[in-house]
Amino acid sequence: MEYITAKWLHILSSTLLFGTGIGTAYYMICATLTRSPPIVAAVGKNVVTADWLFTATTIVIQPLTGFYLIYLAGIPLTARWISWSIGLYLLAAACWLPVVWLQIKMQRLAAEARDSNTHLPASYWRYFRLWIALGIPAFFALVVVFYLMVAKPV
């Protein structure tokens, strides 16, 4: 029962982590493409909130439950799929930290543009391109981690 509970928590938190990431990215991209500062500011605020509520908590729960499952199953940390999973997870986390900072900056710039009734500034678009550039490797890293969790290749 202990293993099943830990596995359920691990799968649930991975689903929340991945789902929140895809969902917030989708809405942030859609909002940005409107070029409307009021829309970008409102959606950006919700994206930042969702990241703190869901992504920040699951990014902590994932390794805790993952290492506990490894321990319970007696899998060595040196197993190739474990090593790859850890490395790719760390890559995704390393991309996520600056993404949160960028989202906060982008939301503030959109709110300033909304309040001053101007267009999104050039700095917003630079941040947006960097946000996309960091999101792509994080996304694919987590896709591969999902595969490794399921397939457990030797």
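Residues numbered from 1 in each chain as written. Predicted model: local features only at pLDDT ≥ 70, side-chain atom pairs only at ≥ 80, totals over all residues. Heavy atoms only, no water.

### Regarding the nonpolar core
- With 39 residues, the main nonpolar core has Met106, Leu120, Tyr124 and Trp131 as its most contacted residues.
- At the level of elements, α1 (2–34), α2 (37–73), α3 (80–115) and α4 (122–151) are the ones that each hand at least two residues to this core.
- At 16 residues, the largest contribution of residues to this core is made by α3.
- Setting aside residues up to four positions removed in sequence, tyrosine 124 forms contacts with Met28, Thr32, Val40, Met106 and Leu109. (Core = buried A, V, L, I, M, F, W, Y, C linked by side-chain atoms within 4.5 Å. Buried < 20%, exposed > 50% of the residue type's maximum accessible area, 1.4 Å probe, protein only. Helix = DSSP H or I, 4+ residues; strand = E, 2+ residues; numbered from the N terminus. Contact = heavy atoms within 4.5 Å.)

### Structural notes on the pattern of salt bridges
- Summed over all chains, the structure comprises 1 salt bridge.
- A salt bridge links aspartate 115 to arginine 114, with the nearest nitrogen and oxygen atoms 2.9 Å apart. (Salt bridge = Lys/Arg side-chain N within 4 Å of Asp/Glu carboxyl O.)

### Observations regarding the packing of aromatic side chains
- Inspection of the entire model under this criterion finds 11 aromatic pairs.
- Residue placement shows arginine 35 over the ring face of tryptophan 125; its charged tip is 4.5 Å from the ring centre. (Phe/Tyr/Trp six-rings, centres within 6.5 Å; stacked < 30°, edge-to-face > 60°. Lys NZ or Arg CZ within 6 Å of the ring centre and 35° of its normal.)

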